[in-house]
Amino acid sequence: MQHSNTRARFVRAVISGGLTAASLICGPADTKPAADAHVSLPAQPEAITSGTYRIGAGDILQINVLKEPDASVAGAVVRSDGIISIPVLKDVSVAGLTPKELERMLTQKFSQFIRDPDVTVVVKEIHSEMVYLIGAVRKEGPIALKGPLTVLQAVAQAGGLTDYAKRNRIYILRVENDRQVRMPFDYSAVVKGAQMQQNITLRPGDTIVVPQ
């Protein structure tokens, strides 16, 4: 009984003192940053790692000018006209540029006001490239294309098919060379591992149609 009372008092002490199991085992966490700690940039979305991604309306950019916080901006939204507003430079047209191209352009522009500017552009969120799902899916509408996305993955992001979906009559609409192409997708076959060539990687602007 004495052992149980001692254990109960210990548990109450842990709760009232805000201790955690990790701190009891490993000791208190060191809340001081390391001497060489630095602020890291957010990871670039997978869709732009190839260096070919082009900025579009709706994207959110982080503009960092080294040691110049007043010239930097944490989240610049690309407006529908393809322009962002940033300190010092005011309005800058960015649509259609790759992040690297924008870095070079901003470096040149900032050099009129800042000596040897070191500019980094980070695409924090991609909203300009979308695919669309219509018909017998749980959630119709656009899906942001933030990285490689197959038809099956897109259907999953839309919550899956409804009970009324015609699973073997799904198709993808794509514009190629100024004409619309229709590509079949047999959901039942693909989920069984057959007809896997139909589970294509989607491109911006593709529309998945699920008849019912």
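Shown above is the structure to which this text applies.
The numbers attached to residues start from 1 for each chain and follow its sequence in the written order. The predicted origin of the model limits local features to residues at a pLDDT of at least 70 and limits the giving and counting of side-chain atom pairs to 80 or more, whereas totals for whole chains, interfaces and linings rest on all residues. Derived side-chain values reflect all non-hydrogen atoms in the structure, with water molecules and hydrogen atoms excluded from consideration.

What am I meant to see in the overall build of the protein here?
Numbered from the N terminus, helices here are DSSP runs of H or I no shorter than four residues, and strands are runs of E no shorter than two. Across its full length, the protein carries 5 helices and 10 strands. In the protein, the share of contacts with a sequence separation of at least 24, taken over all contacts with a separation of at least 6, comes to 52%. Note on areas: Shrake-Rupley with a 1.4 Å probe; residue coverage comes only from the protein chains shown. For the protein, the accessible area works out to roughly 13,600 Å², and carbon and sulfur atoms hold 52% of it. Any pair of residues with heavy atoms lying within 4.5 Å of one another is described as a contacting pair.

Where do I start with the sheet that holds strand β5 (residues 119-125) in this structure?
Sheet strands associate in pairs through backbone hydrogen bonding, adopting either a parallel or an antiparallel arrangement. A pair of strands is treated as paired once DSSP finds two or more bridges between them. One open sheet holds the 3 strands; their spatial order is β2-β1-β5, and the pairing between them is antiparallel. Looking at strand neighbours, the two that pair on one side only are β2 (73-77) and β5, the edges of this open sheet. Along the sheet, successive strands turn relative to each other by an average axial angle of 30°, direction set aside. Where strand β1 (residues 60-65) and β2 come together, 3 bridges link them in antiparallel fashion. Each residue of the ladder has a partner; that of Ile63, found in β2, is Val73. The angle between two axes is taken between their N-to-C directions and runs from 0 to 180 degrees, where each axis is a line fitted to C-alpha atoms and a helix contributes only its stretch in contact.

Looking at this model, I keep getting lost on the pattern of salt bridges. Mind explaining?
Where side chains of opposite charge bring their charged atoms close, a pairing between them can arise. A side-chain nitrogen of Lys or Arg and a carboxyl oxygen of Asp or Glu constitute a salt bridge if their distance falls within 4 Å. Tallied over the full model, the rule gives 7 salt bridges. For the salt bridge of Arg79 with Asp81, the shortest nitrogen-to-oxygen distance reads 3.3 Å. Here's how the labels work: a residue is buried when its accessible area is under 20% of the maximum for its type, exposed when over 50%, partly exposed in between, all with a 1.4 Å probe on protein chains only. Looking at Arg79, the relative accessible area reads 33%, which means it is partly exposed. Residue class for Asp81 comes out partly exposed when judged on its relative accessible area of 45%. Note that Arg174 is salt-bridged to Asp206, the shortest N-O span being 2.7 Å.

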